[in-house]
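Chain by chain, the residues:
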Amino acid sequence: MEREAEVAVSDVVLVGFESYVNVELDMEQNNPNAEVGPDASDQAQLDEDESADDEEDDDSGTDHFNIEKSGTRLQRCERQGGGTSSLPDTFQTSHLLFYERFKAYQDYMLGDCKPSEVKAFTADYLEKVVEPCDWLALWSTDVFDVLVEVCDLDLKDLKACVKLVLPLQCETRGCELTEEAMKSLLEATQHRLPLQELLVVYEQSGDFDLTALALEHLRFFYTHIWRHWDEEDEDDDFDYFVRCVEPRLRLYYDILEDRVPLGLVAEYRSLLESCSHCFQKFSTLRRGLSSDSDTELDNVSMVEGLKLYDQLETFRRKLHIIENPLLRYVLGYKGNASQQCVQSRGPRASGMKVVHVVTASCSSTQLQSLLSDRLLPLCPSEDTDIQFYRDPVSAVEACYQGDVVVVLPGIYSVSSSIFLPDSISVEGFGLPDEVVIEKKDKGDSFVESTGADVRLSNIKFIQHDAIEGIMCVRQGTLTMENCVLQCETTGVIVRTSARLTMNRCDLYGSKGAGLEIYPGSVCSLVGNGIHHCKDGILIKDFADELDVMPSITMENNVIHNNEGYGVILVKSNNGEPHGVHQDQGEGPSGPKGGVADSTGSSSADVQPESAESSAGADCDIAATSGRRWSFIRQLSRNKETSCSRAVQDLMDHQIFVSIQGNQFRRNGMGDLGTFFY
C-alpha cells in the first residue's frame, strides 16, 4: 500500500484515514526554540516511506494506521438529551463520504477477497486497527443505550468481551432497566457483544479514532452492504468488492442524494425484504433435511426447498439489476405502484368548459390577438368560461375534463411536478422558445400524464434535477406537437400500456435515453429531432410472459449526435445465440460492420458472416455462464439513410409498425443496436 507523508513549515498532512486531514501545528507556540522542519522520527518515517514506494503494494493496507497520535480528528456526536443525558458523547462517524467508505473497503478491509473470505478479511482488518482492551463504549440497541468497558476482543466472531460500568449509566426507550437486570442480560450473552452494536465514547486524545472508524465501517457494511445469501453463490471465485460492494455502495449514496426514483427505491426495499424472508425459510428448511434420509416427508421438503431456491434466485437477479448502474439504466423498473397518481376529476357537473389563461403580464396587443386568434374560436357559445392564472401549475390543477390551458409567452418557473390526470389541452400561444416552463427543484419527474387524451403543443420544457424524466406517460394517451424538451437527467418515458404521439418535437440533453419505451406501449414518432443524449431511443423488453412488445411508428425523424446508439433494443438472450445483421452501406469500402462488447469498444471491421459467428459464440458463452454480457452493434456506413438490414431484424420482432424516412447521423456507438442480458 503506497503511503505518503508531507511535512511543511506549518502543516503536516497525515495519511491515516480515508480522507486527508490537515493538522495545523503551531511550532512557535508549542516550542519557540524548536527548529523548523521534521524531527528525527519524522525523517525516518519519510525515508521508510520512500523505500516503500519501490516495493509492491501490501494487500493488507493497514500500515497506514501506524501514525503518531496528535489529537482527535473526528467530530463529537452529542447526545440528543443534551446536558440532561447521563451518558457520555460518542464519535461522529455516520456522515462519511462515498469515497471514504469506498477506500476503506477496497484498500483496507476487503481487498480482493471472495464472499467466503469476507469474515476472515474483516477480522484481520479489525485486529490491526481496533484497540484490544480498556476503552469505553455505548452498547446501543433499539431498546437501550448502556455504558460498558471493553476488556477483550473475540474477532473470530466479531464480538467484544465487556463489563458493565458501575454505577449504571443507561438510557432506555419504552422500558425500565435496573442494574441487576442489566447484569443478568450481560451474563446471558456471556459478556460478549457484537462489535457493530458498540459506539466508541468520544475522547480528545485521538487514541481511539481508528477504533471508532473501524467499528463504523463494520457497522455500515453489515447493515447496508452484506446480504446473508452472499455466501450461497455457487460461483465463489470472484472479487466480492467489485461485484457486490461497489455497486451496493454506489446505490446507497445515489438513493441518499435523490438520484433514484422513489418508486424504484420502494421496489428495491420490498425486494430486499422478500428475499430475506425467502432465504430464512429456505435456510430453515435446509437445516431440517437429513442427508441420509429418504422418507416421504424429506422428499416433500426437498421439492419445497427447490421452489424456494428458484424464488430466491429470482429475487437475487432482480436485486442485481437494480444495484448494477448499467442494468438499472437499460432495464429500469416496470411500474411505480407505490406512487399515488393524482385522480381524474372527470367532466364538470354543470357541463361547462373552461379556458385557463396563464400569464404574468399581458399587453393590450397580446390580449387583442389572444381574443381574436384563440379565445373566440375556443368559446363559440356562452357556456364557456375564461379564467386567468399566473403559473401553469395552478391552471392545470383547476382543470376538469375537456378544459383548455393557454400559456402566453414568458418564462414560468415551477417547483413541483405537473400532473395531467384529465383529458385536457395545454398549448403555448406563440413559438416554443417564447413559452417556457422550467422546473428547478428536485422530484421524480417534471410532467406526468395519466389522462385518457392529453395534448401539449408549442411549449418548451426545461428540466433541472428531475430524477425519473422530463415527461412520463404512465397511462392513457399523450399527444405532443411542436414542443421543445431540454432534458438534464432522463427524457420522455412511456410506460406499459401507455400511448405517445410525438410530432415535430425537438428533444436533447438527456444523460440517459432521450426516449424510453416500455413493453406493451404504443408510440408514434413523426418528424422529430432526438440528439445529444446518452442514447436516442431505448426500447425495453423484460422477457416476462405477461409483457408484449411495444408498437412503434418512426417516420422522418432525425436521430443524431447521441453518445451511444441511435436506437437500442434491450432484450433477454433466452440462452439462444443471436446473429448480427449488418446494413448494406454504400461507402467506398463496401458493406462492413462491427461487434462491440459490454465496454462499447468495437472490433476490427469484419464481413457479415464472421460477425454473425462471432456474436453467436459470444451469446453461447453468455448463456453458459449466465454472467457474460454482450452488445451487438449495428453500424450504418451511410450517414443519410437508415440501416435497412438492422431495421429488418427489428421488424422481425414486430416492434415497428412503420419505419421510413429516418436519418441517423454521428451516433457514437452506432445507429441501431441490441443489448442482450
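For the structure, check the block above.
First things first, this report covers the structure right here in the doc. (Residues numbered from 1 in each chain as written. Predicted model: local features only at pLDDT ≥ 70, side-chain atom pairs only at ≥ 80, totals over all residues. Heavy atoms only, no water.)

1. Observations concerning the side chain of Glu100
Thinking step 1. Its place among the elements puts Glu100 in helix α3 (residues 98-109).
Thinking step 2. One buried charge, Glu100, has no salt-bridge partner; the nearest side chain with opposite charge is Arg101, at 7.1 Å.
Thinking step 3. A distance of 2.7 Å separates the side chain of Glu100 from the backbone nitrogen of Leu97, its partner in a polar contact. (Helix = DSSP H or I, 4+ residues; strand = E, 2+ residues; numbered from the N terminus. Buried < 20%, exposed > 50% of the residue type's maximum accessible area, 1.4 Å probe, protein only. Lys, Arg positive; Asp, Glu negative; His and termini not counted. Salt bridge = Lys/Arg side-chain N within 4 Å of Asp/Glu carboxyl O. Polar contact = N/O pair within 3.5 Å; in protein donor to acceptor, adjacent residues only side chain to side chain.)

2. With respect to the packing of helix α4 (residues 118-129) against helix α6 (residues 209-225)
Thinking step 1. One way to put it is that α4 packs onto α6 with a least axis distance of 9 Å and a crossing angle of 165 degrees. The angle between the axes of α4 and α6 places the two elements in the roughly antiparallel class. In this structure, α4 crosses over α6, and the sense of that crossing is left-handed. For the pair α4 and α6, the contacting residues are Val118, Lys119, Thr122, Tyr125, Leu126 and Val129 in the first and Leu210, Thr211, Ala214, His217, Leu218, Phe221 and Tyr222 in the second. (Axes fitted to C-alpha atoms, helices over the stretch in contact; angles between N-to-C directions. Parallel < 35°, antiparallel > 145°, perpendicular 65-115°, else oblique. Left-handed = near helix turned anticlockwise from the far one by under 90°. Contact = heavy atoms within 4.5 Å.)

3. Description of the sheet that holds strand β20 (residues 454-457)
By definition, the strands of a sheet pair up through backbone hydrogen bonds, in either a parallel or an antiparallel sense.
Thinking step 1. One open sheet holds the 10 strands; their spatial order is β13-β12-β14-β17-β20-β23-β26-β29-β32-β36, and the pairing between them is parallel. In the strand order of this sheet, the two ends are held by β13 (384-389) and β36 (656-660), each with one partner. Going across the sheet, the axis of each strand differs from the next one's by a mean of 10 degrees, ignoring polarity.
Thinking step 2. Direction of pairing for strand β29 (residues 522-526) relative to strand β32 (residues 551-555): parallel, over a ladder of 5 bridges. (Pairing = 2+ DSSP bridges.)

4. A word on the side chain of Asn667
Thinking step 1. By the element assignment, Asn667 lies in the loop between β37 (663-665) and β38 (670-676).
Thinking step 2. In terms of polar contacts, Asn667 uses its side chain to reach the side chain of Asn562, at 3.0 Å.

5. Structural notes on helix α8 (residues 262-288)
Thinking step 1. A rise of 1.5 Å per residue sets the reference length of α8, with its 27 residues, at 39 Å; its end C-alpha atoms lie 40 Å apart and thus fit the reference within 8%.
Thinking step 2. Within α8 the residues assigned to the buried category are Gly263, Leu264, Val265, Tyr268, Leu271, Leu272, Cys275, Cys278, Phe279, Phe282 and Ser283. (Expected span 1.5 Å × (residues − 1).)

6. Remarks on the environment of Gly566
Thinking step 1. Within the secondary structure, Gly566 sits in strand β34 (residues 565-571).
Thinking step 2. For the pair formed by Gly566 and Asp671, sequence separation is 105 residues and the distance between their alpha carbons is 4.5 Å.
Thinking step 3. Gly566 has contacts with Gly536, Ile537, Ile559, Phe664, Asn667, Gly670 and Asp671, leaving out every residue within four places of it along the chain.

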